[in-house]
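Here's the letter readout for the chains.
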Amino acid sequence: MPTIVDLTSGAVERERRDDEPGHYDGTILGLRLMTERTPPGLDPYDPRALLFVAAGRLGGVRAPGLAKAVFLAKSPLTGVAGEAHALGPFAAGMRAAGVRALAVTGRAARLSYLLVENGEVSVRDAEELRGLGTAATTDALRARHGRDASVAAIGPAGENLVRYASVVTDLAHPAARYGIGAVFGAKNLKALVCAGDAEAPVADPGALADVAAFYREALPGNRLAAWQHGEPGFAGWTGEPPAPGYVAVRNFSVTAAAGLRAPQEGGYAGRAGTLRGACPGCPNDCLKVYAPPSAPERRSGGLGQEAFPSLGWNLGIDDLDTVLAANALCNDLGLDPVSLGGTLAFAMECAGRGLLPGGPAFGAAAALPGLVADVAHRTGELGDLLAGGAARAAAALGPEAARYAMTVKGAELPCFDPRVQPGLGLGYALAPGGPRYDALEHDLDFDPVEGLTYCFPEAARIGAEPAPAGRLDAERGTRTARLLRLWSALDALNVCLFASSPTRPLTLDRLTGLAAAVLGREFPVAELLAAGQERLDAMRAYAAREGLAGREELPARLHEEPVAEGPYQGAVLEREAFAEARAAFHAELRW
Ligand code: SF4
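Everything quoted here is computed from the prediction, not taken from an experiment.

Conventions adopted
- Residues numbered from 1 in each chain as written.
- Predicted model: local features only at pLDDT ≥ 70, side-chain atom pairs only at ≥ 80, totals over all residues.
- Heavy atoms only, no water.
- 1 Å grid on protein atoms, 1.4 Å probe; cavity = no way out; pocket = protein on both sides within 12 Å on 5 of 7 lines; lining within 4 Å.
- Points joined across faces, edges and corners; volume = space filled by probe spheres on them.
- Helix = DSSP H or I, 4+ residues; strand = E, 2+ residues; numbered from the N terminus.
- Nonpolar A, V, L, I, M, F, W, Y, C, P; charged D, E, K, R; others polar.
- Near = heavy atom within 4 Å.
- Core = buried A, V, L, I, M, F, W, Y, C linked by side-chain atoms within 4.5 Å.
- Buried < 20%, exposed > 50% of the residue type's maximum accessible area, 1.4 Å probe, protein only.
- Contact = heavy atoms within 4.5 Å.
- Salt bridge = Lys/Arg side-chain N within 4 Å of Asp/Glu carboxyl O.
- Polar contact = N/O pair within 3.5 Å; in protein donor to acceptor, adjacent residues only side chain to side chain.
- Expected span 1.5 Å × (residues − 1).
- Pairing = 2+ DSSP bridges.
- Axes fitted to C-alpha atoms, helices over the stretch in contact; angles between N-to-C directions.

A few words now on the layout of surface pockets. Considered as a void within the structure, the largest pocket measures approximately 730 Å³ in volume. A per-element tally of the lining of the largest pocket places helix H7 (residues 223–229) first, with three residues. A class-by-class count of the residues in the lining of the largest pocket yields 17 nonpolar, seven polar and seven charged. Arg 62, Gly 93, Ala 96, Asp 148 and Gly 196 are, among the 24 residues lining the second largest pocket, the residues nearest its centre. Contributing elements (two or more residues each) for the lining of the second largest pocket: helix H2 (90–96), helix H3 (134–145) and strand S12 (189–195). Looking at the lining of the second largest pocket, the element that brings in the most residues is H2, giving four residues.

The structure is reproduced here in structure tokens:
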């Protein structure tokens, strides 16, 4: 039963949809509401646009893998349905405040925030929070509503309608991608505050406790889960630099040894903030906060796996403190580190090629904090230009610049290079919501030599058989579609990908057991996969409705510039093979 708030009138309604099957009060419901309640062709900043925030029926339950909230709206970056997820305590905060799903329409006359308490929603004035970072906003709202209140806030970037502004939950955990923070800003919505201590209902607590006990026991023996649990964790890149071609370096232009360092494990000493307990009920403790002692707001340093490549190597920067500080600043100002990194990398390459005179240079570590702030505040011509993202900046700079915008559907690519993992590239190009590094499990995990052999039987259950990571053919297209469908299901149900099948402890049987324990009914694997298919279909149908179907091409560089040396030397996405794989992908999803 979604609660729907109209910020223009202040009206709050509840729509009874409990009997409607297949939406789980998550993304699928949000997509249905967007389709039903908004006309086609609406500007994402139009007051009539619909913003959807949900924990769903499973999210926010205190159990392994359920600490996930979804934020959904028509993306100002892509023009299609943009979905971002916040892992951490916010989903539990929504459930504690008595809501599973919230839709917001209209535009408040003054900067405002929404307070959710005991299932009731009210609109409150937030003018005095204007211009504050997400941390100061969270502090101010917790001072009003209790230190245990969960807060999702935007910073100056969202207020200034930067097209890749994020929403930051509980200081450190962003719903980063696709500009949902700018949609908040367009609605004059500074924050969403959830206060309360209600328990999310669980039909079979005993069965849930069994899953939790299993997970705790399995964690140390699962290679990825153990890596996530340890320090600095899976977002803390350490050791040798990745092999050439594995991640983007200098806007994907360098695929030979780049001469850039990786952080050493000891480099994180003295930088740790909160390392444990971010996700209520999940013992994996993946979400860790790191920031250098000199960072102005260290609590904002929630470190995602993409931060170091996006704000470091892809900009020709390898200094750990520079990257950690830039990441914390991004979260405090409310910017997506991936799109910001991709946009800055584009600007740096254009500047180097004489297409953006006076633009920033690769490796300009000292300039990075100023660049982050200029984008968030749209300061000067450069800040304003880059606030629209790389694709729009390229359109403004002229046709020669277009080649260097590493985007799909207008959104910047994640930094894992698809020349080495072509299934990831298919996911970037074909996922109807835009490119994400976590849309599907990575190809290397299923490589017969380098892969995680323990997960091969589990992956085979959905028809994803092992294959050499670099191979691009029809079978790759089919496998990619099957893996995408599985993780789409987890997104649809507000289940954490980093806890789940095929590589982590929550296998298909554990996932369906978890859902059954919470919902109190059988939950077959077929229903799980059907949810994944429906989410993808609904996102695709929304794109078609907006006249934005297709746009399934990757930047030319990935087809034309092979990896130059190292173990992946020669890797490139042959156009013919890519087309063959794309056709097989479409066939598998019946598109
Ligand atoms: S697996 Fe990690 S990110 Fe996912 S819910 Fe558990 S602790 Fe959070």
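Turning our eyes to something else, we now look at the site of the ligand. Close contacts around the ligand come from Gly 65, Leu 87, Tyr 215, Cys 279, Cys 282, Asn 284, Asp 285, Cys 286, Leu 287, Cys 496, Phe 498 and Ala 499, and that covers them all. For the shell around the ligand, the per-class residue count stands at nine nonpolar, two polar and one charged.

By size, the foremost hydrophobic cluster in this structure holds 141 residues, and its most contacted members are Leu 335, Leu 340, Phe 346, Leu 493 and Leu 554. No other element matches the eight residues that helix H16 (residues 474–492) contributes to this core. Residues contacting Phe 346, with those up to four places away along its chain left out, are Asn 251, Ala 390, Ala 393, Ala 394, Leu 397, Ala 401, Tyr 404 and Ala 405. The next biggest cluster of nonpolar side chains, apart from the first, holds 31 residues, and it includes Val 5, Leu 114, Ala 175 and Val 183.

Summed over the entire model, instances satisfying the criterion amount to 48 salt bridges. For the salt bridge of Arg 57 with Asp 25, the shortest nitrogen-to-oxygen distance reads 2.9 Å. Taken together, the residues Arg 57 in the loop between strand S3 (51–54) and strand S4 (68–74) and Asp 25 in the loop between strand S2 (12–14) and helix H1 (27–37) connect sequence positions 32 residues apart. You can call Arg 57 partly exposed: its relative accessible area is 22%. Salt-bridge contacts for Asp 170 lead to Arg 142; the nearest nitrogen and oxygen are separated by 2.9 Å. Of the two residues, Asp 170 is situated in the loop between strand S10 (167–169) and strand S11 (173–175) and Arg 142 in helix H3; the sequence distance between them amounts to 28 residues.

Here Asn 284 is to be found in the loop between H7 and helix H8 (307–311). A distance of 2.9 Å separates a polar atom in the side chain of Asn 284 from the backbone oxygen of Ala 225. Sequence-distant contacts of Asn 284, that is, excluding residues within four places in its chain, are made with Tyr 215, Leu 219, Ala 225, Gln 228, His 229 and Phe 498.

Along its 14 residues, helix H9 (residues 320–333) runs 20 Å from first to last C-alpha, staying within 8% of the 20 Å computed at 1.5 Å per residue. Of all 14 residues in H9, 11 are buried; the element is thus mostly enclosed. Of the positions making up H9, those classed as buried are Leu 320, Thr 322, Val 323, Leu 324, Ala 326, Asn 327, Ala 328, Cys 330, Asn 331, Asp 332 and Leu 333. Downstream of H9 by one or two residues, Gly 334 has phi in the positive range, about 80°.

Attention now moves to the sheet that holds S10. With mixed pairing, six strands are arranged side by side in an open sheet as S8-S7-S12-S9-S10-S11. Looking at the sheet topology across the chains shown, the edges are occupied by strand S8 (120–125) and S11. Direction aside, neighbouring strands of the sheet carry axes that sit 20° apart on average. Alignment of strand S9 (residues 150–153) against S12, held across four bridges, turns out to be antiparallel. Bridging across to S12, Ser 150 finds its partner in Cys 194.

Moving on, we get to empty space enclosed by the protein. Scanning the entire structure with this criterion turns up eight cavities of 30 Å³ or more. A volume near 650 Å³ is recorded for the largest cavity. Lining the largest cavity are 33 residues, with His 85, Leu 87, Pro 174, Gly 304 and Glu 306 sitting closest to its centre. Those elements that provide at least two residues to the lining of the largest cavity are strand S5 (81–87), S11, H9 and helix H10 (337–352). Ranked by residues supplied to the lining of the largest cavity, first place goes to S5 with four residues. Broken down by class, the residue content of the lining of the largest cavity amounts to 17 nonpolar, seven polar and nine charged. Taken as a whole, the second largest cavity holds about 140 Å³ of empty space. Along its surface, the second largest cavity is lined by 16 residues, and Ala 431, Arg 436, Ala 439, Arg 535 and Met 539 are the ones closest to its centre. For the lining of the second largest cavity, the secondary structure elements donating two or more residues are H16 and helix H18 (525–545). The dominant element in the lining of the second largest cavity, judged by the number of residues it contributes, is H16, at four residues. Residues that form the lining of the second largest cavity fall into these classes: eight nonpolar, three polar and five charged.

Moving on, we get to the sheet that holds S5. As summarised here, the arrangement of the six strands in space is S2-S1-S6-S3-S4-S5, forming an open sheet in which the pairing is mixed. Where the open sheet ends on each side, the last strands, each with one partner, are S2 and S5. On average, each strand axis in the sheet is inclined to that of its neighbour by 20°, with strand direction left out of account. Relative to strand S6 (residues 101–105), S3 runs antiparallel, the two being bridged by four bridges. Its bridge partner lying in S6, Leu 51 is registered against Val 104. The sheet contacts of H1 involve strand S1 (3–6), S2, S3, S4, S5 and S6, and relative to S4 the element is tilted by about 20°.

This part takes up the pairing of S12. With seven of seven residues buried, S12 is to be regarded as a mostly interior element. One ladder, built from six bridges, connects strand S7 (residues 112–117) with S12; its direction is parallel. Note that in S12 the partner of Ser 112 across the bridge is Leu 189.

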